[in-house]
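What the coordinates show
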Amino acid sequence: MIEFLAAAAGHIRFEDLGLHPDVFSIGFFTLRWYSLAYIAGILIGWWAMLRMLDQPGAPMARRHADDLVFYATLGIILGGRLGYVTFYAPEMFLHPLRILRLWDGGMSFHGGAIGTMVGIILFARKNKLNWLRIHDYVACVVPFGLFFGRLANFVNGELWGKPADVPWAIVFPHTVPYGMIDPARHPSQLYEAALEGLLLLAVMSFAFWRTKARYEPGKLVGLFLVGYGCARFVVEFFREPDSQLRAFAEHTGLHMGQWLCVPMIVGGTYLMATAAKRRVRVEPTWGTESVA
């Protein structure tokens, strides 16, 4: 730790970047970058989804996309919050009103993923559509939200990494108890934005636009689960565990986020391995072209 503290003086200080969690405030209304990240991820994902639905063999019509956004957004918010409380702060169940304070603690991606899946299933049943094929399409646009979300984490100066002496390390404020010197740390939020956002988006886009993966139900969502799970598992080695779960990480050898990624990787591998068996003649809901 001593070398990290000594090196901190030569690294960029987060305060010098001029970043602030709030975009602007008008009276009682405050727009935060984190909220804007959610909005941007959903809107850009919706736009990308419409482009994908114009291709042969789409699992639903363009008119369904609007309703799907509602179900998915509800799943993200409810699942993400309940996931955070369940996995990271179960003591909140003793004080239910704290659960409604979304700014207290935050959201869990793994919980949001479960909530989104439930939302897609309900949406598909209501419209008599194939939920797994819809999930394949949704998986291709999720990296947009991940990218903007991790950038918002960085702007907020939260979820920082472990102490480091790499040239790009950043000194985040208030990462140690009062009176101690903050060390330079890995900007793990940017690592996640690059891997979970940009790289995963490139992989999913290639699989959708350059291969026939979308005609094998479950293959794309399986690829996403494996890709995200591996990226998150690796980045967690550079990320500081949540303060309330440090003892858990030391006892088990892995962070909570890594343990939650294990079933994602296993499940995703299964979906990819069995996708070819689910391939059938695809009759599109939108358009006229069939794909064998």
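See the structure printed just above.
Residues numbered from 1 in each chain as written. Predicted model: local features only at pLDDT ≥ 70, side-chain atom pairs only at ≥ 80, totals over all residues. Heavy atoms only, no water.

1. Let's talk about the overall build of the protein
Definition in use: Only DSSP runs of H or I reaching four residues or more are called helices, and only runs of E reaching two or more are called strands; each is numbered from the N terminus. Taken over C-alpha atoms, the radius of gyration is set against a globule rule of 2.2 Å times the number of residues to the power 0.38. Residue burial is assigned from relative accessible area. The probe radius is 1.4 Å, only protein chains are included, and a residue is buried under 20% of its type maximum, exposed over 50%, and partly exposed in between. Contact criterion: two residues are considered in contact whenever any of their non-hydrogen atoms come within 4.5 Å of each other. Residue exposure ignores everything except the shown protein chains as possible cover, and the areas themselves are Shrake-Rupley values with a 1.4 Å probe. For the charge count, each Lys or Arg is scored as positive and each Asp or Glu as negative, with His and the chain ends excluded. Each charge is placed at NZ for Lys, CZ for Arg, CG for Asp and CD for Glu.
Helix and strand counts for the protein stand at 10 helices and five strands. Taking 2.2 N^0.38 as the reference for a compact globule, 292 residues should give roughly 19 Å; the C-alpha atoms of the protein span a radius of gyration of 21 Å, in line with that estimate. Once the C-alpha set of the protein is aligned to its principal axes, its extents read approximately 65 × 45 × 35 Å. Expressed as a percentage of its 292 residues, the buried residues of the protein come to 47%. Taking the intrachain contacts of the protein between residues at least 6 apart in sequence as the baseline, contacts between residues at least 24 apart amount to 67%. In the form shown here, the protein has an accessible surface area of approximately 15,200 Å², with 68% of it arising from carbon and sulfur atoms. Averaging the locations of the 26 positively and 22 negatively charged side chains of the protein gives two centres separated by 11 Å.

2. Some remarks on the sheet that holds strand β1 (residues 12–13)
This is how it is decided: When DSSP finds two or more bridges between a pair of strands, those strands are recorded as paired.
Strand order in this open sheet of three strands is β1-β4-β5, and the pairing throughout is mixed. Unpaired on one side and paired on the other, β1 and β5 (184–185) mark the two borders of the sheet. The sheet contact formed by β1 and strand β4 (residues 170–171) spans two bridges and is parallel. Each residue of the ladder has a partner; that of Arg13, found in β4, is Val171.

3. Concerning helix α6 (residues 131–156)
Owing to its 3.6 residues per turn, the α-helix aligns residues three or four sequence positions apart on the same side. This is how the line gets drawn: Expected span of a helix: the number of residues minus one, times 1.5 Å.
Between its first and last C-alpha atoms α6 spans 35 Å; for 26 residues at 1.5 Å apiece the expected length is 38 Å, and the two agree. Counting buried positions along α6 gives 20 out of 26 residues, so the element sits mostly inside the fold. In the stretch just after α6, Gly157 is the one whose phi turns positive, near 65°.

4. Overview of the packing of aromatic side chains
Formally: Centres within 6.5 Å make a pair out of two Phe, Tyr or Trp rings, where for Trp the six-membered ring is used; the pair is then stacked when the planes are under 30 degrees apart, edge-to-face when over 60, and tilted otherwise. Whether a charge sits over a ring comes down to the Lys NZ or Arg CZ being within 6 Å of the ring centre and within 35 degrees of the ring normal.
Scanning all chains against the criterion turns up 16 aromatic pairs. Ring geometry for Phe14 versus Phe172: centroids 5.3 Å apart, planes at 35°, classification tilted. One end of the pair, Phe14, is in the loop between β1 and β2 (22–26); the other, Phe172, is in the loop between β4 and β5, with 158 residues separating them in the sequence. Ring geometry for Phe109 versus Tyr228: centroids 4.0 Å apart, planes at 35°, classification tilted. Taken as a pair, Phe109 in helix α5 (residues 109–127) and Tyr228 in helix α8 (residues 219–235) lie far apart in primary sequence, 119 residues in all. On the basis of relative accessibility, which here comes to 0%, the residue Tyr228 falls in the buried class. By the ring-pair criterion, three or more aromatic residues cluster together here, those being Phe14, Phe154 and Phe172. Taking the ring centre of Phe208 as reference, the NZ or CZ of Arg214 above it sits at 4.5 Å.

5. What about a nonpolar patch on the surface?
Short version of the rule: In this scheme, patches are assembled from residues that exceed 30% relative accessible area and form no salt bridge. Like charges are connected within 9 Å, while nonpolar side chains (Val, Leu, Ile, Met, Phe, Trp, Tyr) are connected within 5 Å. Salt bridge, as used here: a side-chain nitrogen of Lys or Arg that lies within 4 Å of a carboxyl oxygen of Asp or Glu.
Nonpolar side chains collect at one region of the surface, where Val23, Phe24, Ile26, Phe28, Phe29, Trp33, Leu36, Ile39, Leu43, Trp46 and Trp47 lie side by side and expose about 1,100 Å² of accessible area between them. Where the nonpolar patch is concerned, the elements lending two or more residues are β2 and α2 (33–53). With six residues, the top contributor of residues to the nonpolar patch is α2. Within the element layout of this structure, Leu43 appears in helix α2.

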